[in-house]
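Listed here are the chains, written in short residue letters.
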Amino acid sequence: MGLRWLFPLFLFILCLSFLWWYTLGFSAFTVFSYTLKRAGELPYPVPPLEVECHNGKRINLSSERGTFMVNFIYLNCLYGCPISLAKMFQLRKASPDLTFVSISVDPERDRIEDLRERWRAMDAFDNWYFCRPVGREWKKKLELLGVWVYRRKDGLINHTLDLFFIKNGRVIKTFPPEYRVEEIFKEVKG
């Protein structure tokens with residue numbers, strides 16, 4: 001009778017170990033945080049991600065020198081993307097020395113002409129680029145960057161809405177959607 005507790009204890013430890021492994025040491029409980037955590041500890045290098053922009057320019061964020069604020073959007077998005085774009089617009093007004101890059105997570109549908117039209121409609125600035133990934137392995141490269149993308153059956157795309165602060169090819173900081181513009185600006189300038 002005294003050994004009846006061994007099997008339940010063994011199952012508990014086994015379940016706890018699996019949960020620890022699956023959540024990367026109890027640190028990632030959503031697909032967003034899991035993907036971001038798998039990208040590495042900050043600061044970490046940007047994978048070789050090349051994007052083509054609304055103005056014909058190509059940018060490789062891993063080798064490009066400078067300071068960038070990057071977000072991820074798609075043009076048919078009805079929910080988080082407009083808020084993220086508005087946040088980028090506000091940040092641009094507060095910090096004109098940064099380069100802003102909005103990268104589509106739907107490059108098959110978001111054509112360069114469409115990105116250019118959105119750039120015009122947003123009354124965007126010269127140092128704000130609306131881009132889409134180049135190449136077939138773009139989704140894998142976004143995942144290595146810490147961006148999760150999933151196309152649902154209804155055509156909508158669930159994706160990371162964090163802003164990425166990149167300096168000289170390294171991700172310095174990520175800002176979850178709940179961060180206010182003032183908080184982001186303070187951390188970027190600090």
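Overview of the structure.

Conventions we followed
Residues numbered from 1 in each chain as written. Predicted model: local features only at pLDDT ≥ 70, side-chain atom pairs only at ≥ 80, totals over all residues. Heavy atoms only, no water. Disulfide = S-S within 2.5 Å. Helix = DSSP H or I, 4+ residues; strand = E, 2+ residues; numbered from the N terminus. Buried < 20%, exposed > 50% of the residue type's maximum accessible area, 1.4 Å probe, protein only. 1 Å grid on protein atoms, 1.4 Å probe; cavity = no way out; pocket = protein on both sides within 12 Å on 5 of 7 lines; lining within 4 Å. Points joined across faces, edges and corners; volume = space filled by probe spheres on them. Nonpolar A, V, L, I, M, F, W, Y, C, P; charged D, E, K, R; others polar.

### Section: the state of the cysteines
Covalent bonding between the sulfur atoms of two cysteines is what defines a disulfide. In total, this model carries 1 disulfide according to the counting rule given. Between the sulfur atoms of C53 and its disulfide partner C131 the distance amounts to 2.4 Å. An S-S torsion of about 85° defines the bridge between C53 and C131 as right-handed. Remark: C131 occurs in strand β6 (residues 128-133) and C53 occurs in strand β2 (residues 50-53); sequence separation between them is 78 residues. This pair shows no difference in class: C53 is buried, exactly as C131 is.

### Re the environment of K139
Along the chain, K139 falls in helix α5 (residues 138-145). For the pair K139 and V149, spaced 10 residues apart in the sequence, the C-alpha separation amounts to 7.3 Å.

### Remarks on the layout of surface pockets
Leftover empty space is mapped by rolling, across the atoms, a probe with the size of a water molecule. In this structure, the largest pocket encloses a volume near 200 Å³. Looking at the lining of the largest pocket, the elements with two or more residues in it are α2 (31-39) and α5. No other element matches the 5 residues that α2 contributes to the lining of the largest pocket. Grouping the constituent residues of the lining of the largest pocket by class yields 5 nonpolar, 1 polar and 3 charged.

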